[in-house]
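Now for the letters of each chain:
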Amino acid sequence: MKQITILGATGSIGLSTLDVISEHRDKYSVFALTANTNVEEMYQQCALFNPRYAVMSCNDSAVALGKLIENSELETEVMSGDEGLHRVSEHPEVDVVMASIVGAAGLKPTLAAVHAGKRILLANKEALVMTGSLFMAAAKKAGAEILPIDSEHNAIYQCMPATYRSGMPLKHIRRILLTASGGPFRNTPLSDIKGVTPEQACKHPNWSMGRKISVDSATMMNKGLELIEACWLFDTTPDSIEVHVHPESIIHSMVEYDDGSVLAQMGSPDMRTPIAYGLGWPDRIESGVSSLDLFKISQLNFEQPDEERFPCLRLAAEAYRLGGTACAILNAANEEAVDAFLNKKIRFDQIATLIERVMESLAPRQQADFDMIFEDDAAARLMAVKLIEQGL
Ligand code: NDP
């Protein structure tokens, strides 16, 4: 029986993870669940999965959950804040940590699991984008296994030789073909993009996801973050990765070998497939995902990304090239920009403008340690807020 901690259990990835686990109660036991403020959902999950611990990052929410649990038959212990998150990430009885908190907030608990040498199912791409080589070095040192859950990186991992592990140098591989759906605004006239609403941006054509990653998909910053993520996971550079817009989201990515063979991983766009892969690895387990109907899909299309429409892709590649804390600065500026857009403080097209302004204003520091990364993350957020207040 594997003991699982789910960081970000109330989110889209957390819910899909619990859905897969619920089909395999004989193999997986939920050790701990975490969330930020969603007390109601967390209480329901505790009732269904009976975890040893439930952690609410927000203290008031932890108090509210504690009261609900006290008045029930449940024996789950409630904890709060960073300390609670760390405890359930590194607990000696935990085998697998699903890292699915959204954004930089997921970095510290994910790192705690890395340092404790856990198997980590990595959905929280921002953690790796921010800390890159430090994250991978810490995993290597502690013997932590990093299994990518992002569907594209999971696809690439599945196309690698069976002996391949995250962080190993690539052998006999010409290039990685990273697929992207192009999001909801792939064909929207450029003149109309300025006026799009958060609701339109969050309406992804193929995937059902949290709001932040949905906006990232609409700007294609998601693909930019994934480009950086792929560089760290597969020890490569952007020169060996080519983004292919593939609107059907059936091929989740491809790997081209030296002999010209191109291996692709395909499937319905449903995160339960990569999650089941991570939980079951190196075996395969049932995910609940329906079979692919290629007769119905009938056509797969590919396009080059439009850089004018999607400047975030260029900004992400630039951040990777700059190195040091540049990716942390990019990520922080993006998180602030997306938040401001969702709260209608800036327009959709200003997301990229804001990120670029923040990157121009702050020089990234090289040979950064974790502290420097946290400092530059904070500096980028301050700068973004200031620029928003000044009207950009
Ligand atoms: P959601 O917004 O749906 O869920 C986020 C989860 O994180 C919730 O449990 C939320 O708790 C928790 N959370 C939010 N803020 C904090 C905080 N400050 N401290 C602690 N916990 C917090 O996100 P997704 O599930 O869509 O995405 C999660 C991660 O997975 C992201 O990094 C995303 O990029 C990645 N990913 C997601 C995919 C998807 O299909 N959704 C696909 C590939 C990658 P609460 O509910 O209480 O707010």
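Just so we're clear, the structure is a prediction, and the values are computed from it rather than from any experiment.

Enquirer: Which residues make up the overall build of the protein, and what values go with them?
Expert: When you go through the protein residue by residue, the secondary structure sums to 17 helices and 11 strands. Its C-alpha atoms give the protein a radius of gyration of 20 Å, within 12% of the compact-globule value 21 Å for 392 residues. Taking the principal axes of the C-alpha coordinates as reference, the protein spans close to 55 × 55 × 45 Å. Relative to its full complement of 392 residues, the protein shows a buried share of 55%. Across the protein, the fraction of contacts at a sequence separation of at least 24, relative to all contacts at a separation of at least 6, is 69%. Surface exposure of the protein reaches about 17200 Å², of which carbon and sulfur atoms provide 48%.

Enquirer: Residue-level account of the sheet that holds strand 10 (residues 251–257), with values.
Expert: The pairing of strands in a sheet happens through backbone hydrogen bonds and is either parallel or antiparallel. Reading across from one edge, 9-8-10-11 is the order of the 4 strands in this open sheet, with mixed pairing throughout. Strands with a single pairing partner mark the edges of an open sheet, and in this sheet they are strand 9 (241–245) and strand 11 (262–266). Sheet twist, expressed as the mean angle between neighbouring strand axes with direction ignored, is 20°. By the bridge criterion, 5 bridges tie strand 8 (residues 173–180) to strand 9 in an arrangement that is parallel. Bridge pairing in strand 9 links Ala 180 to Val 245. Where helix 7 (residues 151–159) meets the sheet, its contacts fall on strand 8, strand 10 and strand 11, and the angle it forms with strand 10 comes to roughly 40°.

Enquirer: Tell me about the sheet that holds strand 4 (residues 77–80), and please be specific about residues and values.
Expert: An order of 4-3-2-1-5-6-7 is seen for the 7 strands of this open sheet, with the pairing classed as parallel. The open sheet is flanked by strand 4 and strand 7 (145–148), the only strands paired with a single partner. Ignoring strand direction, the axes of neighbouring strands in this sheet form an average angle of 20°. As defined by bridge partners, strand 6 (residues 119–122) adjoins strand 7 across 4 bridges and the pair is classed as parallel. Directly across from Ile 120, in strand 7, lies its bridge partner Ile 146. Packed onto the sheet, helix 12 (residues 272–280) meets strand 1 (2–7), strand 2 (28–35), strand 5 (96–99), strand 6 and strand 7 and runs at close to 175° relative to strand 6.

Enquirer: I'd like a description of the pairing of strand 5, backed by residues and values.
Expert: Burial along strand 5 is two-sided: the face carrying Val 96 and Met 98 and the face carrying Val 97 and Ala 99 are both buried. In terms of handedness, the path from strand 5 via helix 5 (residues 107–115) over to strand 6 forms a crossover that is right-handed.

Enquirer: Can you break down the packing of helix 10 (residues 211–219) against helix 11 (residues 221–233) residue by residue, with the values?
Expert: Interaxial distance between helix 10 and helix 11 falls to 5 Å at its minimum, and their mutual angle equals 95°. With respect to each other, helix 10 and helix 11 are oriented roughly perpendicular. Here helix 10 contributes Lys 212, Ile 213, Asp 216, Ser 217 and Thr 219 to the contact with helix 11, which in turn contributes Met 221, Asn 222 and Leu 225. Residues belonging to the contact of helix 10 with helix 11 are distributed by class as follows: 3 nonpolar, 3 polar and 2 charged.

Enquirer: Break down the site of the ligand for me, with residues and values.
Expert: Around the ligand sit 24 residues in total, of which Thr 10, Asn 36, Thr 37, Asn 38 and Glu 126 are the nearest. Contacts to the ligand include Ser 12, whose backbone N or O atom sits 2.9 Å from an oxygen atom. Asn 36 places a polar main-chain atom, nitrogen or oxygen, 2.9 Å from an oxygen atom of the ligand. Coverage of the ligand by the protein amounts to 85% of the 900 Å² it exposes when considered alone. Breaking the shell around the ligand down by element, the ones donating at least two residues are helix 1 (12–22) and helix 6 (125–142).

Enquirer: Kindly report on the pattern of salt bridges, identifying the contributing residues and their values.
Expert: Across all of its chains, the model carries 23 salt bridges by this definition. Residue Arg 119 is joined to Glu 145 by a salt bridge in which the shortest nitrogen-to-oxygen separation is 2.8 Å. With a gap of 26 residues between them, Arg 119 in strand 6 and Glu 145 in strand 7 connect regions that are remote in the sequence. Judged by its relative accessible area of 10%, Arg 119 falls in the buried class. Ionic contacts of the salt-bridge type, sharing partners, join the residues Lys 125, Asp 150, Glu 152, Lys 223 and Glu 226 into one network.

Enquirer: Give a detailed account of helix 12, specifying residues and quantitative values.
Expert: For helix 12, the tally of buried residues reaches 8 of 9 residues, placing the bulk of the element in the interior. Listing the buried residues of helix 12 in full gives Arg 272, Pro 274, Ile 275, Ala 276, Tyr 277, Gly 278, Leu 279 and Gly 280.

Enquirer: I'd like to hear about the pairing of strand 1, residue by residue, with values.
Expert: Of the strand pairs in this sheet, strand 1 and strand 2 are connected by 5 bridges, and their pairing is parallel. Note on strand 2: the bridge partner recorded for Gln 3 is Ser 29. Strand direction decides the pairing type here: strand 1 and strand 5, joined by 4 bridges, are parallel. Looking at strand 5, one finds that Thr 5 is bridged to Val 97.

Rules behind the numbers
Residues numbered from 1 in each chain as written. Predicted model: local features only at pLDDT ≥ 70, side-chain atom pairs only at ≥ 80, totals over all residues. Heavy atoms only, no water. Helix = DSSP H or I, 4+ residues; strand = E, 2+ residues; numbered from the N terminus. Rg over C-alpha atoms; globule rule 2.2 N^0.38 Å. Buried < 20%, exposed > 50% of the residue type's maximum accessible area, 1.4 Å probe, protein only. Contact = heavy atoms within 4.5 Å. Areas by Shrake-Rupley, 256 points an atom, 1.4 Å probe, with all protein chains shown as cover. Pairing = 2+ DSSP bridges. Axes fitted to C-alpha atoms, helices over the stretch in contact; angles between N-to-C directions. Right-handed = clockwise from strand over helix to strand, strands pointing away. Parallel < 35°, antiparallel > 145°, perpendicular 65-115°, else oblique. Nonpolar A, V, L, I, M, F, W, Y, C, P; charged D, E, K, R; others polar. Near = heavy atom within 4 Å. Polar contact = N/O pair within 3.5 Å; in protein donor to acceptor, adjacent residues only side chain to side chain. Salt bridge = Lys/Arg side-chain N within 4 Å of Asp/Glu carboxyl O.

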